[in-house]
Amino acid sequence: MGSKIRSYVFLASADFFGLLCMACLFVNVSCQTDDTAMSNAISERKAEEDHRQDSADLLIFIMLLTLTILTIWLFKHRRFRFLHETGLAMIYGLLVGVILRFGVHVQPDLNNVTLSCAMNSSPATILVNVSGHFYEYTLKGEVKDSEGENVPDAEMLKKVTFDPEIFFNILLPPIIFHAGYSLKRRHFFRNLGSILSYAFLGTAISCIVIGSVLYGCVAFMKAVGQIQGDFFFTDCLFFGAVISATDPVTVLAIFNELKVDVDLYALLFGESVLNDAVAIVLSSSIMAYQPTGDNSHTFDGSAMLKSIGLFLGVFSGSFGLGVVTGVMTSLVTKYTKLREFPLLETGLFFLMSWSTFLLAEACGFTGVVAVLFCGMTQAHYTFNNLSDESKDRTKQLFELLNFLAENFIFSYMGLTLFSFQYHVFNPLFILGAFIAVFIGRAANIYPLSFLLNLGRKNKISPKFQHFMMFSGLRGAMAFALSIRDTATYARRMMFSSTLLIVFFTVWICGGGTTQMLSFMNIRVGVDADQDQASSPGGERRGVRHEGAWPFRMWHSFDHQYLKPFLTNSGTPPTMPACCASLTQCLTNSQAYETEGHDEDSELIRSRRSSSAMYTDISTVSQSSSYNNLYGPTVPSG
C-alpha cells in the first residue's frame, strides 16, 4: 500500500515537472516573440524617423534653390551684376549651415549602444551576433574627436552631409555634358591650339608649381611645429592637381550677358572645360604613384613613368569611350525612325549620354572625360539627326539640369563649411595655398601665352592675359575632388583650404568681373556673326582663315565621309561606282531631303596651303572704338 502511494506521488511529481518545463518553454518562446516584435517595432519606428529626417534635409536644399532662383530674378530685374547666382547660393548655404550647427540641437538616440573594442583600423562593415541573429553594420564616420569627446549633433550633421559619390555619379555628369553639348564649336576650333596648350601643358605646369610651393610651405610648417600629421610631396602634388581645375562659371555668365569678345570667351571656356578633365585624370595618376621601395613617398623614375602612362591611357580610353558612345547614338537616331516619337528620342538621347559616365567609371576610366567628349560628339553628329522638338528638349533639359546641379553644389559648399565636422584650418597652410594658386596661375598663363603668340597672327593681347589670370576661379570640380577623400589629416586640411579658395575666387574675382572688364578696356556688346561679316573680306574671309592645317584636314574628311554616314545633314557621299550599293545602304532617304544643309559645313574650312600648328586667326574686327560699344553696355554701378 505504501509503495503504491509512493509510486503515485512519483508519477504526480513527474507530471508536474513536465508541465512546469512546458510552461517555462512556452513563457520563453513568448518572451522571445515579444522581444522580436518589440525589436521590429523599434526598427520600423527608426526607419520612419530616418525617412522624415531625410525628407526634411532634401527640403532644406529645395528651399535653398527656390530662394536662390527668386533672388537671381530680383538681381536680373535690378541689373545687379556684382554677385552671381553661384555666389548667392553659397551665401544661402552658409546661413543654413550656421543655423544647423549652432541653432538646431538634436537629442541623442537613447537606443544606441556603445561597446568598446580595441582595433588598429576602422573596418568598413561589422557583423554583430545578437542572440543568434547576425546583423551587418556599415561605417558612417567618426562620432568622437581625437580627445574622445562626443562631436555635438554629429548624427544630425551627418544627415546633411552627402556621400561624395553622389556628386560624381549624379550631379557632375549633367554639368560636364552640358559644357560639351553647348560648346560653340566654331570659336572653339578656331582657338583649339591655344586651348589645348592651356588645358594640358598649363594644368600640368600649374600642378607642379602649386605642389612645389606648397611643399616648401609644409616644410616651413614642420620646422616651426605648426603641423601635426604626415604631409608628403605627393599630397602637395595632389592638391596642385585638384586646385588647378578652374570653373569660371560666374565670369562666363557675365560674358554671355555682355557679349564679350568671342575669342576671349572661347579661350576661357575651352580651357575650363578641358582642364577639368585633365585635373581629374592627373589627380588619379598622382594617387596611383607607388614606388617599389619601402617608402611609398620617395622619388622613383619608373613609378613616375608608370603614372604618366596611366594618365595617357586613362585619358585616351575615356576619350575613345565617349566618342564611341556618341557615334552609336548618332547611328541609332539616323537608321531608326525614333524622330517620329520625340519623347522616346529624347529619352534615348538622355540615357545614352548619362550611361557614358557610368560606363567609363565601371571600366576603370574617368567618366568626366568620357561624358565631355560624348557631349561634343552628340552636338556634332547626333544633334543633326534629332527632330526639331527633340533638339529643343535636349538643349533645355541639360541646361536645366546644369543650372540645378551647379547651384545645388555651390549651396552645399556653403553648408559644408559648418556641417563638416573634421575641418582643419591652419592659417599658414591657407596662406601658402593662396600664394601657390596665384603663382601657379601666373606660371600657366604668361609663359604659354608668350610661346603661343610666336605662332599666332592674332596675338593674345596683354589685357587678355591679365584677364585670364584674374578669372581663374575654382568651383564645383575642385570641391568634388577634394571632398572625395577626407580620411587623413592632410586631405582634411586640403579640403578646408579648397573651400576657402573657392569662396574667395567666386565672391571676389567673380564679383569683380564687370569692373575688371571696364578697367582692362575689353570690348563688349560684340555680335560674333555681324562682327565677322563686317570684317574685310566678310564671311568668306573669316571662314577661309579659320583653324590650323591638321584641323582643316580633319574637317575635310569629316565633311566628306563621317557627316554623311552618321547624320542626315550635308551632301550624300560620292563614292566609286563599285561602292554604290554601300553608299546607298549607309545613306537614308532623309539625307537626300536635307542635301546641302549642314550647320557645321563651314566650321574650319580653309583654302590656304600652309599654316602653323597653333595658328589661331580671329576674324573679330577691331575698328570700332571702345566707347561706342562698351560705354552703354556696362553700368557704372
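Residues numbered from 1 in each chain as written. Predicted model: local features only at pLDDT ≥ 70, side-chain atom pairs only at ≥ 80, totals over all residues. Heavy atoms only, no water.

(A) Focus on the overall build of the protein. Across its full length, the protein carries 24 helices and 2 strands. The burial tally for the protein puts 47% of its 637 residues in the buried class. Total accessible area on the protein stands at roughly 32,200 Å², and carbon and sulfur atoms take up 64% of it. (Helix = DSSP H or I, 4+ residues; strand = E, 2+ residues; numbered from the N terminus. Buried < 20%, exposed > 50% of the residue type's maximum accessible area, 1.4 Å probe, protein only. Areas by Shrake-Rupley, 256 points an atom, 1.4 Å probe, with all protein chains shown as cover.)

(B) Main features of the packing of helix H4 (residues 164-181) against helix H11 (residues 342-362). It is at 10 Å that the axes of H4 and H11 come closest, and there the two elements cross at 115°. By the angle class used here, H4 and H11 are roughly perpendicular. Crossing handedness for the pair H4 and H11: right-handed. Seen from H4, the contacting residues are Phe168, Asn169, Ile170, Pro173, Pro174, Phe177 and Tyr181; seen from H11, they are Phe349, Ser353, Trp354, Phe357 and Leu358. (Axes fitted to C-alpha atoms, helices over the stretch in contact; angles between N-to-C directions. Parallel < 35°, antiparallel > 145°, perpendicular 65-115°, else oblique. Left-handed = near helix turned anticlockwise from the far one by under 90°. Contact = heavy atoms within 4.5 Å.)

(C) Expanded view of empty space enclosed by the protein. Going through the model one piece at a time under the given rule, you end up with 4 cavities of 30 Å³ or more. A volume near 50 Å³ is recorded for the largest cavity. Leu183, Lys184, His187, Phe188, Val262, Tyr265, Ala266, Phe269 and Gly270 are the residues that line the largest cavity. Counting only elements with at least two residues in the lining of the largest cavity, the list comes to helix H5 (185-190) and helix H9 (262-287). (1 Å grid on protein atoms, 1.4 Å probe; cavity = no way out; pocket = protein on both sides within 12 Å on 5 of 7 lines; lining within 4 Å. Points joined across faces, edges and corners; volume = space filled by probe spheres on them.)

(D) Focus on the packing of aromatic side chains. Throughout the structure, instances matching the rule amount to 26 aromatic pairs. Each ring, one from phenylalanine 177 and one from phenylalanine 398, has its centre 4.4 Å from the other, and the planes form 40°; the classification is tilted. A residue pair is termed long-range when its members are at least 10 positions apart, and phenylalanine 177 in helix H4 and phenylalanine 398 in helix H13 (residues 388-419) qualify at 221 residues. According to the relative accessible area criterion, phenylalanine 398 is buried, its value standing at 3%. Where tyrosine 215 meets phenylalanine 233, the ring centres are 5.2 Å apart and the plane angle is 75°; that geometry is what we call edge-to-face. Taken together, the positions of tyrosine 215 in helix H6 (residues 192-223) and phenylalanine 233 in helix H7 (residues 233-243) put the pair 18 residues apart, joining distant regions of the chain. Over the ring of phenylalanine 168 we find arginine 484, and its NZ or CZ is 3.8 Å from the ring centre. (Phe/Tyr/Trp six-rings, centres within 6.5 Å; stacked < 30°, edge-to-face > 60°. Lys NZ or Arg CZ within 6 Å of the ring centre and 35° of its normal.)

(E) View of the confidence of the model for the protein. In this model, the protein carries a mean pLDDT of 76, and residues with pLDDT of at least 70 account for 70%. At the low end of the mean pLDDT range in the protein sits helix H24 (residues 626-630), at 38; at the high end sits helix H14 (residues 427-453), at 94. For the stretch residues 601-637, pLDDT sits under 50, and the model shows 107 contacts to residues farther than four places along the chain or on other chains. (pLDDT = per-residue confidence, 0-100.)

(F) Structural context of the side chain of serine 283. Looking at the secondary structure, you find serine 283 in helix H9. The class of serine 283 is buried, set by a relative accessible area of 3%. Side-chain polar atoms of serine 283 contact the backbone oxygen of isoleucine 280, separated by 2.8 Å. Other than its neighbours up to four places away in sequence, serine 283 contacts Phe238, Ala241, Val242 and Leu481. (Polar contact = N/O pair within 3.5 Å; in protein donor to acceptor, adjacent residues only side chain to side chain.)

(G) Representation of the pairing of strand E2 (residues 133-138) in the model. Sparse coverage of E2 is indicated by the burial of 0 of its 6 residues. In this sheet, E2 lies alongside strand E1 (residues 125-130) in antiparallel orientation, the contact comprising 6 bridges. Looking at E2, one finds that asparagine 129 is bridged to phenylalanine 134. (Pairing = 2+ DSSP bridges.)

(H) Examining the pattern of salt bridges more closely. By the definition in use, this model includes 6 salt bridges. For arginine 393, the salt bridge goes to glutamate 389, with nearest N and O atoms at 2.9 Å. With a gap of 4 residues between them, arginine 393 and glutamate 389 both fall in helix H13, about one helical turn apart. Under the relative-accessibility criterion, arginine 393 is labelled partly exposed at 31%. You can call glutamate 389 partly exposed: its relative accessible area is 40%. Each of the salt bridges in this network shares a partner with another, and the network as a whole consists of Asp235, Asp485 and Arg491. (Salt bridge = Lys/Arg side-chain N within 4 Å of Asp/Glu carboxyl O.)

(I) Expanded view of the nonpolar core. If you look at the biggest cluster of nonpolar residues, it comprises 128 residues, and the most contacted ones within it are Phe231, Phe255, Leu264, Phe467 and Phe479. A per-element tally of this core places H9 first, with 14 residues. For phenylalanine 467, the residues in contact, after removing those within four places along its chain, are Val251, Phe255, Leu264, Leu268, Thr513, Met516, Leu517 and Ile522. (Core = buried A, V, L, I, M, F, W, Y, C linked by side-chain atoms within 4.5 Å.)

(J) Representation of H14 within the structure. Given a rise of 1.5 Å per residue, 27 residues ought to cover 39 Å, and the 39 Å separating the end C-alpha atoms of H14 matches this to within 8%. With a side-chain oxygen positioned 3.1 Å from the backbone nitrogen of leucine 428, the residue opening H14 is asparagine 426. (Expected span 1.5 Å × (residues − 1).)

(K) Quick look at the side chain of threonine 567. Inspection of the secondary structure assignment puts threonine 567 in the loop between helix H21 (549-566) and helix H22 (580-586). A distance of 2.5 Å separates the side chain of threonine 567 from the backbone oxygen of lysine 563, its partner in a polar contact. If we skip the residues at most four places from it in the chain, threonine 567 touches Ser330, Lys334, Tyr381, Asn384, Asn385 and Leu562.

(L) Representation of unusual backbone geometry in the model. Unusually for a residue other than glycine, asparagine 521 sits at a positive phi of about 55°. With respect to the helices and strands, the residue asparagine 521 is situated in the loop between helix H18 (513-520) and helix H19 (528-533). Judged by relative accessible area, which is 38%, asparagine 521 ranks as partly exposed.

(M) Expanded view of H4. Its 18 residues place the ends of H4 25 Å apart at the C-alpha level, agreeing with the 26 Å of an ideal helix rising 1.5 Å per residue. Its maximal kink placed at leucine 172, H4 deviates by approximately 50°, while the proline proline 173 follows within four residues. For H4, the buried fraction is high: 14 of the 18 residues fall into the buried class. (Bend = angle between axes of the 7 residues up to and from the residue.)

(N) Representation of the environment of leucine 481 in the model. Assignment of secondary structure puts leucine 481 in helix H16 (residues 476-483). Residue class for leucine 481 comes out buried when judged on its relative accessible area of 6%. Excluding residues that lie within four positions of it along the chain, leucine 481 makes contacts with Phe168, Phe238, Val242, Ile280 and Ser283.

(O) Examining a nonpolar patch on the surface more closely. The grouping of Ile126, Val130, Tyr135 and Tyr137 at the surface amounts to a nonpolar patch, some 370 Å² of accessible area in total. Those elements that provide at least two residues to the nonpolar patch are E1 and E2. Summarising the element assignment, tyrosine 135 is placed in strand E2. (Patch = residues over 30% accessible without salt bridge, like charges linked within 9 Å, V, L, I, M, F, W, Y side chains within 5 Å.)

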